[in-house]
Amino acid sequence: MANPIQSPAVLIFTAETFPAMAGDGRNALLVASKLNENGYCVKLICLNPNGKLPKKEKLNGVEISRINYWYRTIIGRFALRLSLFRYLTINCNSSSKWIIFGAMPGYKLIALVSTLKGVDCVFRSTLWGFDDAESVAGSLHRFYTRYLLSRLYGYYALNSAFANSWRNVFGSFNILLSVQGVDLKKFDIDHKNGIRHEHRGKLQIAEGKFVILMVGHLIERKGFPEIADWLSRIDEDFLLLHIGSTEAPEWDTMSRYNVGMKNLKKYVEEKLGDRVRFMGRQNVTTQFYLLSDILLVASHAEGFPPNSVNEALAAGLPVLTLRMPGVADVITEGVNGFVFTDESEFARKLSILINNPVRRNELGRNARVFALDKLDINKIIPTLQNFLGL
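Here's what I pulled together on the structure shown here. (Residues numbered from 1 in each chain as written. Predicted model: local features only at pLDDT ≥ 70, side-chain atom pairs only at ≥ 80, totals over all residues. Heavy atoms only, no water.)

## Remarks on the pattern of salt bridges
Considering all chains together, one arrives at 19 salt bridges under this definition. Here Glu302 ties to Arg221 by a salt bridge, and the two come within 3.6 Å at their closest N and O atoms. With Glu302 in the loop between strand 12 (294-297) and helix 11 (307-314) and Arg221 in the loop between strand 9 (210-215) and helix 8 (226-232), the pair connects residues that are 81 residues apart, well separated along the chain. Residue classification places Glu302 among the buried positions, given a relative accessible area of 7%. Given the relative accessible area of 27%, Arg221 is considered partly exposed. The closest approach of N and O atoms between Lys265 and Glu269, which form a salt bridge, is 3.0 Å. (Salt bridge = Lys/Arg side-chain N within 4 Å of Asp/Glu carboxyl O. Helix = DSSP H or I, 4+ residues; strand = E, 2+ residues; numbered from the N terminus. Buried < 20%, exposed > 50% of the residue type's maximum accessible area, 1.4 Å probe, protein only.)

## Observations regarding unusual backbone geometry
At the junction of Phe224 and Pro225, the peptide bond is cis and its omega measures out at 5 degrees in the coordinates. Tracing the backbone shows Pro225 in the loop between strand 9 and helix 8. Backbone geometry places Asn50, a non-glycine residue, at a positive phi of 60 degrees. One can find Asn50 in the loop between strand 2 (40-49) and strand 3 (56-59). Not every positive phi belongs to a glycine, and Asn60 is a case in point at roughly 50 degrees. Summarising the element assignment, Asn60 is placed in the loop between strand 3 and strand 4 (62-69). Its relative accessible area of 57% is what places Asn60 among the exposed residues.

## Considering the packing of aromatic side chains
Per the stated rule, a full pass over the model turns up 15 aromatic pairs. Residues Phe123 and Tyr155 carry aromatic rings whose centres are separated by 6.5 Å and whose planes lie at 15 degrees to one another, so their mutual orientation is stacked. Taken together, the residues Phe123 in strand 6 (residues 120-124) and Tyr155 in strand 7 (residues 154-157) connect sequence positions 32 residues apart. Residue Tyr155 is classed as buried on the basis of its relative accessible area, which comes to 0%. Here the aromatic residues Tyr107, Phe123, Tyr155, Trp166, Phe170 and Phe173 are joined through ring pairs into a cluster of three or more. Geometry around Tyr156 places Arg124 over its ring, the cationic atom sitting 5.6 Å from the centre. (Phe/Tyr/Trp six-rings, centres within 6.5 Å; stacked < 30°, edge-to-face > 60°. Lys NZ or Arg CZ within 6 Å of the ring centre and 35° of its normal.)

## Some details on empty space enclosed by the protein
Within the structure shown, the criterion is met by two cavities of 30 Å³ or more. Its boundaries defined by the atoms lining it, the largest cavity holds a volume of some 80 Å³. Met214, Val215, Lys222, Leu296 and Ser299 are the residues nearest the centre of the largest cavity, which is lined by 13 residues in total. Volume-wise, the second largest cavity comes out at about 40 Å³. Broken down by element, the lining of the second largest cavity gets its largest block of residues, three residues, from strand 2. Broken down by class, the residue content of the lining of the second largest cavity amounts to six nonpolar, one polar and two charged. (1 Å grid on protein atoms, 1.4 Å probe; cavity = no way out; pocket = protein on both sides within 12 Å on 5 of 7 lines; lining within 4 Å. Points joined across faces, edges and corners; volume = space filled by probe spheres on them. Nonpolar A, V, L, I, M, F, W, Y, C, P; charged D, E, K, R; others polar.)

## Describing helix 13 (residues 357-375)
With 19 residues, helix 13 ought to run about 27 Å at 1.5 Å a step, and its terminal C-alpha atoms sit 25 Å apart, in line with that. Buried within helix 13 are the following residues: Arg360, Leu363, Gly364, Ala367, Arg368, Phe370, Ala371 and Leu375. In a view along the axis of helix 13, the buried residues occupy a sector of 160 degrees, so they form one face of it. Exposed and facing more than 90 degrees away from the buried side of helix 13 are Val358, Arg365 and Val369. On the buried face of helix 13, the contacting elements are strand 9, strand 12, helix 11, strand 14 (337-340), helix 12 (343-355) and helix 14 (377-388). (Expected span 1.5 Å × (residues − 1). Arc of directions from axis to C-beta. Contact = heavy atoms within 4.5 Å.)

## A look at the nonpolar core
Ile12, Phe13, Trp98 and Leu313 are the most contacted members of the largest nonpolar core, which totals 100 residues. Judged by nonpolar contacts, the second largest core, of 33 residues, contains Met254, Val268, Leu353 and Ile354. (Core = buried A, V, L, I, M, F, W, Y, C linked by side-chain atoms within 4.5 Å.)

## Side note on the sheet that holds strand 10 (residues 238-243)
Overall, parallel pairing links the six strands, which are arranged 11-10-9-12-13-14 in an open sheet. Here the strands that pair on one side only, and so sit at the sheet edges, are strand 11 (276-280) and strand 14. Averaged over neighbouring strand pairs, the angle between their axes works out to 20 degrees when direction is ignored. (Pairing = 2+ DSSP bridges. Axes fitted to C-alpha atoms, helices over the stretch in contact; angles between N-to-C directions.)

## Remarks on the packing of helix 2 (residues 74-91) against helix 3 (residues 107-117)
Where helix 2 meets helix 3, the axes come as close as 10 Å, and the angle between the chain directions of the two elements is 25 degrees. Looking at the two axes, helix 2 sits roughly parallel to helix 3. Crossing hand, helix 2 versus helix 3: right-handed. On helix 3, the residues touching Arg81, Leu84, Phe85, Leu88 and Thr89 of helix 2 are Leu109, Ile110, Val113 and Lys117. Among the residues making up the contact of helix 2 with helix 3, the classes are represented as six nonpolar, one polar and two charged. (Parallel < 35°, antiparallel > 145°, perpendicular 65-115°, else oblique. Left-handed = near helix turned anticlockwise from the far one by under 90°.)

## Observations concerning the packing of helix 13 against helix 14
The geometry of helix 13 relative to helix 14 is characterised by a closest axis approach of 7 Å and an angle of 25 degrees between their N-to-C directions. Taken as axis vectors, helix 13 and helix 14 run roughly parallel relative to one another. Here helix 13 contributes Leu372, Asp373, Lys374 and Leu375 to the contact with helix 14, which in turn contributes Ile377, Lys379 and Ile380.

Such coordinate-based values are descriptive only and should not be taken to indicate function.
Below, the structure written as structure tokens:
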């Protein structure tokens, strides 16, 4: 690895990163580590919910600074802004490049300080309906937010829907249109059958069992409990394998949804019985993609494609997803997956995937080809570097 270049530095702001499960935070760490490998000094600045995590640590060569965030009280949320302002004015130099991952608490303050310092700052939306341009700045009463964002150096759009939304609000703008990417080396496709056999054995899953993988927090935005109702009416032999939080620790802001997640878990178990298995939070998820047959995305909204879709395609898994903005950029109907809009379409396309292994394998091969061509983080990072002017 090259010796990191101390200037210009890159600062990436994200609500949470490892050990939190949020996909945008995990991707922020991946981007930072790859920039670091390319010789750039990168710092990751994120929040520290309830002050439970180390204020500073180093992961994958990336320095992480966490700012305490007592999100349950108004005073705590106000204190975050004060601490963030102090950090931005004292520790962040004007020669660095800043990237804001989504409408995290304090993102407008970051945008303001970047403008005052004359910093090249880029905003990246993370969730459709939450921080796309029309959601954060489209309304007339959001003129202050619209002004701040209009002053930024650029915008990072994960898909064409995000890019179009930004243009609709801000007109001509410096936009990078690119998926967030995945580390393809993690997915050992050449030994997939052996890995599948090994890990199915460990989990006592029969070789012939059709495994549907879902990844993410057990929350309503991810399609629960509706998708459990739909699956309960499927007269096929399958196992739904769920990876993600069903109860979050205090250092994760998702802990505010613990009661709801507990109730949803009970509901899904009642609906599906032994056809569902909750694996909880997993720091390493590669093996679950390699032992599964498809990835199911039932979310009402995502920053498409989310990490789960990137990783599924890298693992050679077909993706069965609810139609939402950004899907068409990645999932081509009948090529690397299927898209559904209602229960009947979902049931019909799931049946094809279960009962036609030849077609399923074809979709999986196409998924891997797409990942190799479009999702390789080592191809995406140089494009990001050029966009930032590094």
